[in-house]
Amino acid sequence: MAVLTAIREWMTHQRIDAMLISSKPNKLPHLGFSSSSGYVLITRQHAHILVDFRYYSDVAARTHGYQLHRLEAGRDMPGIVNQIAQEEGLQRLGFEGEHVSWQTGCDWQEALHPSLVSVSLDALRQVKTADEIRLIREACRIADATADHIRRFIQPGMREREVAAELEWFMKQQGAEKPSFDTIVASGPRGALPHGKASEKVIIAGELVTLDFGAQYQGYCSDMTRTFLVAGRFAHPEMSPLYAVYQTVLEAQLAAIAAVRPGMACQTVDAAAREHISRAGYGPNFGHNTGHAIGIDVHENPRFSPTDTTLLRPGMLLTVEPGIYLEGEGGVRIEDVVLVTDSGAEVLYQAPKTLLMTGEA
């Protein structure tokens with residue numbers, strides 16, 4: 001498997017004999033499903049999976065090329081790992097120090113015979129495989145269909161929670177396992193809250209409503225934001241008091257997408273959006289990063305931030321999501337997932353980004 005080859009090459013650079021994987025995101029490619037239980041141990045000779053009876057049969061049916069070990073009373077993880085370490089001569093064992101608690105790390109230090117080295121596998125997930133890109137495309141397709149549905153669904157008088165419930169139900173009907181994160185529905189003045197989770201607020205005609213949502217499909221995430229005008233008060237979107245703000249955000253987002261290409265530093269993409277918003281006079285009203293990588297986790301590294309110097313490579317997938325937030329008035333955010341290609345960027349959504357009204361066909 002390519003993933004095992006990549007990990008073993010990385011282990012050589014880290015000067016470790018084996019890698020003990022315990023985090024859900026880094027276990028998923030090996031287990032075939034996301035679980036907080038169990039462990040994966042990669043050595044130079046073999047690949048081992050340690051799970052209890054709840055998952056043993058499922059893992060056995062999903063995986064090939066791994067040696068399975070059943071965790072049970074009297075046969076816990078340290079005992080199995082120590083046995084493998086003795087059989088394979090393991091001296092230095094890498095573990096995900098960023099993902100385990102201090103107490104767990106101390107317990108492992110006492111129980112495991114190889115010396116422990118805290119390392120991070122997360123960087124290996126930055127460039128996606130063809131299969132991962134395929135799954136994320138499907139997660140994005142679900143979000144695309146949902147954006148079209150929910151825009152037609154929203155009517156004045158609905159509560160934000162009603163909209164979120166309909167949106168999440170529709171995503172599941174389209175094949176999503178679950179939402180990627182808590183759905184954001186922020187209407188009117190609540191649009192100034194970048195993470196304004198759906199509330200009991202009633203949506204009023206003429207307001208802008210920002211929806212930030214995503215679908216998880218076979219363990220991989222999408223993340224989309226669209227801002228709509230609630231139909232009823234204005235005959236045309238151009239009559240909205242925040243129309244100029246919307247246009248500024250859209251122009252900033254398009255400028256950032258245009259800057260995405262192999263070899264470009266993440267901070268340069270962030271600057272393309274941030275400088276446009278600043279020139280329009282809204283610099284203080286854009287306080288978050290322009291985007292983040294996405295995959296098994298909805299928020300991964302690298303980030304489109306002012307300080308991230310990571311160079312983009314083909315196969316990376318990131319969001320581009322600038323926003324402007326005006327306290328007491330509302331806000332606008334527009335977000336796409338983009339794939340870094342050999343020559344630039346491919347936007348994985350088809351949903352329009354002009355200011356559309358809700359309820360329209």
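The rules behind each value
Residues numbered from 1 in each chain as written. Predicted model: local features only at pLDDT ≥ 70, side-chain atom pairs only at ≥ 80, totals over all residues. Heavy atoms only, no water. Helix = DSSP H or I, 4+ residues; strand = E, 2+ residues; numbered from the N terminus. Buried < 20%, exposed > 50% of the residue type's maximum accessible area, 1.4 Å probe, protein only. Contact = heavy atoms within 4.5 Å. Lys, Arg positive; Asp, Glu negative; His and termini not counted. Charge placed at Lys NZ, Arg CZ, Asp CG, Glu CD. Axes fitted to C-alpha atoms, helices over the stretch in contact; angles between N-to-C directions. Left-handed = near helix turned anticlockwise from the far one by under 90°. Pairing = 2+ DSSP bridges. Salt bridge = Lys/Arg side-chain N within 4 Å of Asp/Glu carboxyl O. Core = buried A, V, L, I, M, F, W, Y, C linked by side-chain atoms within 4.5 Å.

With that settled, the discussion passes to the overall build of the protein. For the protein, the helix and strand inventory stands at nine helices and 19 strands. Expressed along its principal axes, the backbone C-alpha trace of the protein runs to roughly 75 × 40 × 35 Å. Sorting the 361 residues of the protein into buried and exposed places 55% on the buried side. Look at the contacts in the protein between residues 6 or more apart in sequence, and 64% of them connect residues 24 or more apart. Computing the positive centroid from 33 side-chain charges and the negative centroid from 43, the protein places the two 1 Å apart.

Another point: the packing of helix 6 (residues 130–153) against helix 7 (residues 160–173). Direction vectors running N to C along helix 6 and helix 7 enclose 140°, while the axes themselves pass 9 Å from each other. The interaxial crossing formed by helix 6 with helix 7 has right-handed handedness. Of helix 7, the residues touching helix 6 (which contributes I142, A145, T146, H149, I150 and F153) are E162, V163, E166, L167, F170 and M171.

Next up on the list: the sheet that holds strand 3 (residues 47–51). What the six strands build is an open sheet, ordered 4-3-2-1-5-6; its pairing is mixed. Either end of the sheet is taken by a strand with one partner, and the two such strands are strand 4 (67–70) and strand 6 (115–118). The mean angle between the axes of side-by-side strands here comes to 25°, regardless of whether they run parallel or antiparallel. Bridging between strand 1 (residues 18–21) and strand 5 (residues 92–95) involves three bridges; their strand directions are parallel.

As enumerated under the stated definition, the model contains 19 salt bridges in all. Residues R125 and D297 are paired through a salt bridge, measuring 3.5 Å at the closest nitrogen-oxygen approach. You can see R125 sitting in the loop between strand 6 and helix 6 and its partner D297 sitting in the loop between strand 13 (291–293) and strand 14 (300–304), a full 172 residues away along the chain. Given a relative accessible area of 11%, R125 falls into the buried group. Of the residues examined, D297 reaches a relative accessible area of 29% and is grouped as partly exposed. Here E160 makes a salt bridge to R190, at a shortest N to O gap of 2.5 Å. In this pair, E160 is assigned in helix 7 and R190 in the loop between strand 8 (184–187) and strand 9 (208–213), connecting sequence segments 30 residues apart. Judged by relative accessible area, which is 0%, E160 ranks as buried. A network of salt bridges, in which partner residues are shared, links D122, R125, K128, D297 and E300.

Of all hydrophobic cores here, the largest spans 41 residues; its most connected members are V163, L211, F213 and L317. Listed by contribution, the elements that provide at least two residues to this core are helix 6, helix 7, strand 9, strand 10 (215–217), strand 11 (220–221), strand 12 (224–229) and strand 18 (336–340). Here the element with the most residues in this core is helix 6; it accounts for nine residues. Counting residues in each nonpolar core, the second largest holds 33 residues, with A252, V269, A293 and M357 among its members.

This is a description of form; function is not addressed.
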